[in-house]
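# Structure assessment
Each chain is listed here by its residues.
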Amino acid sequence: MGKSILITGGARSGKSLLAERLTLELGRPAIYIATAEAHDAEMEARIAAHVSRRGPEWRTVTAPLDLVGALEESDGQGPRLVDCLTLWLSNLMHAEIDWPDAGDALATTLSAQTSPVVIVTNEVGGGIVPENALARRFRDAAGAINQRIAAAADEVHLCVAGYPMRVK
Amino acid sequence: MGKSILITGGARSGKSLLAERLTLELGRPAIYIATAEAHDAEMEARIAAHVSRRGPEWRTVTAPLDLVGALEESDGQGPRLVDCLTLWLSNLMHAEIDWPDAGDALATTLSAQTSPVVIVTNEVGGGIVPENALARRFRDAAGAINQRIAAAADEVHLCVAGYPMRVK
Amino acid sequence: MGKSILITGGARSGKSLLAERLTLELGRPAIYIATAEAHDAEMEARIAAHVSRRGPEWRTVTAPLDLVGALEESDGQGPRLVDCLTLWLSNLMHAEIDWPDAGDALATTLSAQTSPVVIVTNEVGGGIVPENALARRFRDAAGAINQRIAAAADEVHLCVAGYPMRVK
């Protein structure tokens, strides 16, 4: 069975670098599953810069919606890093896909993987209640999906200022 | 002496379910002290749905303001779950009651209970400074009352993605 | 070598009181390095009230921008408490000073101190993405500088409801 690790934390808390390090410790080369999509030239340039920074130990695939498919296709080829769950949720909501169902399907897929999976997500519920109703709905969904995937994961870590704290 | 446990965490971090589980481990049946009040039919329906979900092991009482009275009346009848401190603070501020005094009275009452008390509260100070002055004032008050009750509690846990991290 | 400790946490999480206690445990008298500046009479009165509350065991110096200079000048004279890093960053950005460079210089200075340094900072990335572009930029910078100083510090603690959780 492939180990699954969830890394959560606030914005700019060092989650992605920590997750990259952990993934490479689980095997090389590794597969980076990006949930971000390039919608314009600026975004394309930023993504290309990230690919180049990560270097030749990584192969990058893009999965803005079909994360389950990307995990199933890449299983057996090395450890995977999914960056990130929160953006995937945002993509699902934008495409009006049933996100609780998608979260359940992801949790089931995780448990069936033979290669390891590291997933980055975000803590978004630590501020005051947002005035914007859409922001409140997103915040609730993000918290719910974090709980769902944390329950399925073997390990959960909270990243603070670049360092992991063990949650599960 | 009844043990007192404070469960804090962000929105949708799984605090309430964790607190329900912990309360039932301390004894059955348990008493649910709700600080939310039904102001309209929609809210009444939501509260009724929660009561029905918790099931017959729980008796529900409502204490939007007089939390001290609700704890004193129910002492000796089983473990109590207070859900939640942040909403209680909001009710106090809205009713223009002196909340630091009320927090002190709650802390004193906690120390005198013979049955256990589990209290749910919220982390609301982890975002950027709110632009709204009222939101800043509420954020400061919520942090202050969390510190006051944490100091009086026997245990404090931070809930992240459904899992508790021991704080005190 | 002087030990360096970073205390992070949300607004009103009890960081400053915790940091004051830790600093006095490292030696007395102690030096309080304030990054806040009095711009008007109200602010002056608040600062004077803080100085008076801390009492005679503390000497207060002000360093809204030149934190490196304040640390170098006070080294060898007792433990220092810097309160806080987030406000210092805000001062740097307002003065249009290159904050990543300043953060690097601070990290280098920390490693060269012979007396201990305790630094208070803030978690500001735990809420939803701010709508305001300036707030997003500040949030990113605050997270980056927290990571930079955490990497240089001997210890990092997350303060929750007045209690420290060990991060590093």
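Residues numbered from 1 in each chain as written. Chains lettered and ligands numbered in written order. Predicted model: local features only at pLDDT ≥ 70, side-chain atom pairs only at ≥ 80, totals over all residues. Heavy atoms only, no water.

This next bit is on the interface of chain C and chain A. Across the contact, 20 residues belong to chain C and 20 residues belong to chain A. The largest per-residue losses of area from chain C upon contact with chain A belong to Ile128(C), Gln147(C) and Val167(C), which jointly make up 36% of the total buried on that side. On the surface where chain C and chain A come into contact, there are one salt bridge. Salt-bridge contacts for Arg12(A) lead to Asp140(C); the nearest nitrogen and oxygen are separated by 3.5 Å. (Contact = heavy atoms within 4.5 Å. Buried area = accessible area lost by both parts, 1.4 Å probe. Salt bridge = Lys/Arg side-chain N within 4 Å of Asp/Glu carboxyl O.)

Residue and element names in this part refer to chain B. Scanning the entire structure with this criterion turns up three aromatic pairs over all chains. On the basis of an interplanar angle of 80 degrees and a centroid distance of 6.0 Å, the ring pair of Tyr32 and Trp58 is categorised as edge-to-face. Taken as a pair, Tyr32 in strand 2 (residues 30-34) and Trp58 in strand 3 (residues 58-62) lie far apart in primary sequence, 26 residues in all. Trp58 carries the same exposure label as Tyr32, and that label is buried. (Phe/Tyr/Trp six-rings, centres within 6.5 Å; stacked < 30°, edge-to-face > 60°. Helix = DSSP H or I, 4+ residues; strand = E, 2+ residues; numbered from the N terminus. Buried < 20%, exposed > 50% of the residue type's maximum accessible area, 1.4 Å probe, protein only.)

With that settled, the discussion passes to the pattern of salt bridges. Residues and elements named next belong to chain A. Taken as a whole, this structure holds 20 salt bridges over all chains when the rule is applied. Between Glu57 and Arg28 there is a salt bridge; the shortest N-O distance is 2.6 Å. Of this pair, Glu57 sits in the loop between helix 2 (41-54) and strand 3 (58-62) while Arg28 sits in the loop between helix 1 (15-25) and strand 2 (30-34), and the two are 29 residues apart along the sequence. Residue classification places Glu57 among the partly exposed positions, given a relative accessible area of 30%. A single network of salt bridges, built from pairs that share partners, joins Lys3, Glu155 and Arg166.

Turning to the packing of helix 5 (residues 99-111) of chain C against helix 6 (residues 133-152) of chain C, a few remarks are in order. All names here are of chain C. Between helix 5 and helix 6, whose axes approach to 9 Å, the crossing angle comes to 20 degrees. Comparing the axis directions of helix 5 and helix 6 gives the class roughly parallel. Between helix 5 and helix 6 lies a crossing whose hand is right-handed. Contacts between helix 5 and helix 6 involve Trp99, Gly103, Asp104, Leu106, Ala107 and Leu110 on the former and, on the latter, Ala141, Ala144, Ile145, Arg148, Ile149 and Ala152. Residues belonging to the contact of helix 5 with helix 6 are distributed by class as follows: nine nonpolar, one polar and two charged. (Axes fitted to C-alpha atoms, helices over the stretch in contact; angles between N-to-C directions. Parallel < 35°, antiparallel > 145°, perpendicular 65-115°, else oblique. Left-handed = near helix turned anticlockwise from the far one by under 90°. Nonpolar A, V, L, I, M, F, W, Y, C, P; charged D, E, K, R; others polar.)

Bringing the UniProt feature "active site" (unreviewed entry) in chain A into the picture now. As recorded in UniProt, the feature "active site" (unreviewed entry) lies at His50(A). Relative to the assigned elements, His50(A) resides in helix 2. (UniProt positions renumbered as here; feature names shortened; annotations may be inferred.)

Our focus in this paragraph is the interface of chain B and chain A. Contact residues are listed per partner, giving 20 residues for chain B and 20 residues for chain A. Summing the contributions of chain B and of chain A, the shared interface buries around 1500 Å²; its carbon and sulfur component is 66%. Taken together, the links from chain B to chain A amount to one salt bridge. For the side of chain B that touches chain A, the secondary structure elements donating two or more residues are helix 6 (133-152) and strand 7 (163-166) of chain B. When residues of the side of chain B that touches chain A are assigned to their parent elements, the largest contribution, three residues, is made by strand 7 of chain B.

Simply put, the disulfide is a covalent bond whose two ends are the sulfur atoms of two cysteines. Under the definition given, this model contains zero disulfides over all chains. Not part of a disulfide, Cys159(A) finds its nearest cysteine sulfur in Cys84(A), a span of 13 Å. (Disulfide = S-S within 2.5 Å.)

All names here are of chain A. Judged by pairing direction, the sheet is mixed, and its seven strands sit side by side in the order 3-2-4-5-1-6-7 without closing on themselves. Each having just a single partner strand, strand 3 and strand 7 (163-166) make up the two edges of the open sheet. Each strand axis lies, on average, 25 degrees off the axis of its neighbour in the sheet, ignoring direction. Inspection of the sheet shows strand 1 (residues 4-9) paired to strand 5 (residues 117-120) by four bridges, in the parallel sense. Directly across from Ser4, in strand 5, lies its bridge partner Val117. Those strands touched by helix 1 are strand 1, strand 2, strand 3, strand 4 (80-83), strand 5, strand 6 (155-160) and strand 7, and its axis lies near 165 degrees from that of strand 1. Here helix 6 (residues 133-152) sits on the sheet and contacts strand 1, strand 5 and strand 6; the angle it forms with strand 1, its principal contact strand, is near 145 degrees. (Pairing = 2+ DSSP bridges.)

The transformation that overlays chain B on chain A combines an axial shift of 0.0 Å with a rotation of 120 degrees, and the residual RMSD is 0.0 Å. This pairing of chains is accounted for by a three-fold axis. (Least-squares fit on C-alpha atoms with pLDDT ≥ 70 in both.)

For the rest of this paragraph, the subject is helix 2 (residues 41-54) of chain B. Helical geometry note: an α-helix holds 3.6 residues per turn, so side chains three or four residues apart project in the same direction. Over its 14 residues, helix 2 of chain B extends 20 Å from the first C-alpha to the last, a length consistent with the 20 Å expected when each residue adds 1.5 Å. Looking at where helix 2 of chain B begins, the residue whose side-chain oxygen comes 3.3 Å from the main-chain nitrogen of Glu42(B) is Asp40(B). (Expected span 1.5 Å × (residues − 1). Polar contact = N/O pair within 3.5 Å; in protein donor to acceptor, adjacent residues only side chain to side chain.)

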